[in-house]
2 protein chains.
Amino acid sequence: MNGAKGVNGVAGAKGAEGVNGAEGAKGVIKLLLAEDQGMMRGALALLLGLEDDFEIVAQLGNGDEIVPRALETRPDVALLDIELPGRSGLDAAAALREALPECQVLILTTFGRPGYLRRAMEAGAAGFLVKDGPVEELAVAIRRVLTGERVIDPGLAAAALSAGPNPLTQRERDVLSAAVDGATVADIASKVHLSPATVRNYLSSAIGKTQTRNRMEAVRAARQNGWL
Amino acid sequence: MNGAKGVNGVAGAKGAEGVNGAEGAKGVIKLLLAEDQGMMRGALALLLGLEDDFEIVAQLGNGDEIVPRALETRPDVALLDIELPGRSGLDAAAALREALPECQVLILTTFGRPGYLRRAMEAGAAGFLVKDGPVEELAVAIRRVLTGERVIDPGLAAAALSAGPNPLTQRERDVLSAAVDGATVADIASKVHLSPATVRNYLSSAIGKTQTRNRMEAVRAARQNGWL
DNA sequence: GGATGGCCATGACATTTGTCCCAGGGCCTT
DNA sequence: AAGGCCCTGGGACAAATGTCATGGCCATCC
């Protein structure tokens, strides 16, 4: 069996996770990493762990654990995915700013939706990265946000401004969200506790505001813009 | 500025990419990595590069480049994502088996859809991993497929068998694929060059076979099973 | 106080969608 | 040759969907 050492090397590095122990160093940057895709999470954790002034104090795949674990481990920077099981990363970001203001939030997402960026900023995030760019960006961004700087993809910022704010009302969002994957009007109505007729009205107005032709196009457009 | 060395360390490792040069070592395993998400691709490349018997001879984010680059760089194992811009990873896998039979294909995907696994096996893939499990799996899997072993998530294999084969005909797949994100019957008809009446017939039969209530549910179900 | 705008609901209406018939042609297997 | 399956179309019909007008209730803002 050739190269088994390498595998162990990889597996061994996982020990960086866990309780934050008695870390005496001064300049160490403590990181929390929330990302649902296991392989991505593991890979990022290992990479960031290679930087000698970074320390991953928590890594998790569930949105609900973010605030508790952050309070427990007191990270300097929280790297949050948006689409997570349980609480959304955007939700958690807002709560985290509240609960632990000294912790900078860096949103790391697959989709550069304008509305996501907008909401991230409103939630008090210090940075917004898409998972496309090179990995090197990540370490750079982490150091930047610690200086108080904001880190945002320039092209995305422009798109967010040009796209304007979310035109949908709360109810329209509710109904549209419930309309994903082909739910019928009756389904939506019972899910949202509204009259079927009302549901159709909201759908109609959402379709109008998104300038689309049917509910599915509306859902798509709304998602595209990060309005859901 | 603290710890800049670390960043450079990360960036520097990228040099592993490129032409395969005059590598004298005997036991080196040459890898091709196709993955569209830049950060994931970079992270995996770096991690795998850390193993001393691995060498990444090509990394790319486009399905169309897979076969050409493989012919150029002659990897021992190709790690392919399924959802890629250009040619699908499954397509490319089949073509690669044809063009470079000595190269083992390892499918690496976000979604553990039963139909994907089935198609991957039919395309001659040697392994099928989902991006959830730990990163360590990856290195292990790579070494396994080189011994001729097949690497498949056991739970997924069971699901693939119980789900049965794809019940949809070619046309039904075409029409259903064209029906994503809310295209109207007329749209689909013109996209597939069929009569609107025919389109509605195919949609109806697809809905029947998937045991759903409308086209969107059918699309969802078909996607879920990897039938598209 | 009045205007505005979101929220909730109805009824009426045209259009779209989904279903069930039907029919012909092509291809493959028995 | 016969049967089966897929591909392609059409017509008719019921149901679902999208639109519009109208109404009342409640907030907030000027």
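Residues numbered from 1 in each chain as written. Chains lettered and ligands numbered in written order. Predicted model: local features only at pLDDT ≥ 70, side-chain atom pairs only at ≥ 80, totals over all residues. Heavy atoms only, no water.

*Asks:* Can you walk me through the layout of surface pockets in this structure?
*Replies:* Once rolled over the atoms, a probe with the size of a water molecule shows which space is left empty. Size it by volume and the largest pocket reaches roughly 2200 Å³. In this structure, the largest pocket is lined by 49 residues; those nearest its centre are Phe111(A), Arg113(A), Arg223(A), Phe111(B) and Arg223(B). For the lining of the largest pocket, the secondary-structure elements that each account for two or more residues are helix H4 (89-99), helix H5 (114-122) and helix H11 (215-224) of chain A together with helix H5 (114-122) and helix H11 (215-224) of chain B. (1 Å grid on protein atoms, 1.4 Å probe; cavity = no way out; pocket = protein on both sides within 12 Å on 5 of 7 lines; lining within 4 Å. Points joined across faces, edges and corners; volume = space filled by probe spheres on them. Helix = DSSP H or I, 4+ residues; strand = E, 2+ residues; numbered from the N terminus.)

*Asks:* In this structure, what is going on with the interface of chain B and chain A? I would like to understand it.
*Replies:* Many authors give the size of an interface as the accessible area that is lost as the parts come together. At the junction of the two partners, chain B supplies 45 residues and chain A supplies 45 residues. Contact between chain B and chain A buries roughly 3600 Å² in total, counting both sides, with carbon and sulfur atoms accounting for 61%. At the surface where chain B touches chain A, the tally comes to four salt bridges. A salt bridge links Asp181(B) to Arg220(A), with the shortest nitrogen-to-oxygen separation between them at 3.4 Å. Of all elements in the fold, only helix H1 (4-12), helix H2 (38-50), helix H6 (136-146) and H11 of chain B reach the threshold of two or more residues within the side of chain B that touches chain A. Of the residues that constitute the side of chain B that touches chain A, the class distribution is 18 nonpolar, twelve polar and 15 charged. (Contact = heavy atoms within 4.5 Å. Buried area = accessible area lost by both parts, 1.4 Å probe. Salt bridge = Lys/Arg side-chain N within 4 Å of Asp/Glu carboxyl O. Nonpolar A, V, L, I, M, F, W, Y, C, P; charged D, E, K, R; others polar.)

*Asks:* I keep staring at the relation of the copies chain B and chain A and nothing clicks. Help me out?
*Replies:* In summary, the two copies of the chain are related to each other by a rotation about an axis coupled with a shift along it. Take chain B, turn it by 180 degrees, move it 0.0 Å along the axis, and it overlays chain A with an RMSD of 0.0 Å. Taken together, the rotation and translation relating the two chain copies correspond to the operation of a two-fold axis. Here 100% of the contact residues of chain B are again contact residues in chain A; the copies associate through an equivalent surface. (Least-squares fit on C-alpha atoms with pLDDT ≥ 70 in both.)

*Asks:* Is there a simple way to explain the sheet that holds strand E1 (residues 29-34) of chain A in this structure?
*Replies:* In a beta sheet, neighbouring strands are held together by backbone hydrogen bonds and run either parallel or antiparallel to one another. Residue and element names in this part refer to chain A. With respect to topology, six strands assemble into an open sheet ordered E2-E1-E3-E4-E5-E6, the strand pairing being parallel. The open sheet terminates on both sides in strands that have one partner only, identified here as strand E2 (54-60) and strand E6 (151-152). In the sheet, strand E5 (residues 127-130) pairs with E6 via two bridges, with the strands oriented parallel. Counterpart to Gly127 in the pairing with E6 is Val151. Each of strand E4 (104-109), E5 and E6 is contacted by H5, which is oriented at about 155 degrees to E5, the strand it contacts most. (Pairing = 2+ DSSP bridges. Axes fitted to C-alpha atoms, helices over the stretch in contact; angles between N-to-C directions.)

*Asks:* Help me understand the packing of aromatic side chains, please; the structure alone is not making it clear to me.
*Replies:* Where two aromatic rings form a pair, the distance of their centres and the angle of their planes describe that pair. Under the defined criterion, the tally for this structure stands at zero aromatic pairs over all chains. Positioned above the aromatic ring of Phe111(A), the side-chain terminus of Arg113(A) is 4.3 Å from the ring centre. (Phe/Tyr/Trp six-rings, centres within 6.5 Å; stacked < 30°, edge-to-face > 60°. Lys NZ or Arg CZ within 6 Å of the ring centre and 35° of its normal.)

*Asks:* I tried to follow unusual backbone geometry on my own but got confused; where do I start?
*Replies:* Leave glycine aside and you will find that most residues have negative phi; peptide bonds, for their part, are mostly trans. Residue and element names in this part refer to chain A. The backbone of His193 shows a phi angle near 60 degrees, a positive value even though the residue is not glycine. Among the structural elements, His193 can be located in the loop between helix H9 (185-192) and helix H10 (196-209). What makes His193 exposed here is its relative accessible area of 69%. Even without glycine at this site, Gln211 takes up a positive phi of about 55 degrees. Mapped onto the elements, Gln211 comes out in the loop between H10 and H11. (Buried < 20%, exposed > 50% of the residue type's maximum accessible area, 1.4 Å probe, protein only.)

*Asks:* When you look at the protein's contact with DNA strand C in this model, what are you seeing that I'm missing?
*Replies:* Near DNA strand C there are 17 residues, and of these Thr169(A), Arg171(A), Ala197(A), Arg200(B) and Arg215(B) occur at the shortest range. In the interface set of DNA strand C, defined as its atoms within 4 Å of the protein, sugar plus phosphate atoms amount to 52%. In this structure, a base nitrogen belonging to DNA strand C sits 3.1 Å away from a side-chain N or O atom of Asn201(B). Take Arg215(B): an N or O atom from its side chain is 2.6 Å from a phosphate oxygen of DNA strand C. Secondary structure elements with two or more residues in the surface near DNA strand C: helix H8 (170-178) and H10 of chain A together with helix H10 (196-210) of chain B. Looking at the surface near DNA strand C residue by residue, the classes come out as five nonpolar, nine polar and three charged. (Near = heavy atom within 4 Å. Polar contact = N/O pair within 3.5 Å; in protein donor to acceptor, adjacent residues only side chain to side chain.)

*Asks:* Is there a simple way to explain the environment of Leu129(B) in this structure?
*Replies:* Residue and element names in this part refer to chain B. As for its placement among the helices and strands, Leu129 is situated in strand E5 (residues 127-130). C-alpha separation for the pair Leu129 and Thr109, spaced 20 residues apart in sequence, amounts to 6.4 Å. Those residues within four positions of Leu129 in sequence are excluded, and the remaining contacts are Ile107, Leu108, Thr109, Glu137, Leu138, Ala141 and Val151.

*Asks:* Could you clarify how one ought to interpret the pattern of salt bridges in this entry?
*Replies:* Side chains bearing opposite charge may pair, as long as their charged atoms lie close to each other. Scanning the model with the defined rule gives 22 salt bridges over all chains in all. The shortest N-O distance in the salt bridge between Glu35(A) and Lys131(A) comes to 2.8 Å. Highlighted residues: Glu35(A) in the loop between E1 and helix H2 (38-50) and Lys131(A) in the loop between E5 and helix H6 (136-146), separated in sequence by 96 residues. For the pair Glu35(A) and Lys131(A), one class covers both residues: buried. The salt bridge partner of Arg213(B) is Asp187(A), with a shortest N-O separation of 2.7 Å. Remark: Asp187(A) occurs in helix H9 and Arg213(B) occurs in the loop between H10 and H11; the pair is interchain, linking two chains. A residue is classified by how much of its surface remains accessible, and Asp187(A), at 22% relative accessible area, is partly exposed. Salt bridges sharing common partners tie together Glu35(A), Asp81(A) and Lys131(A).

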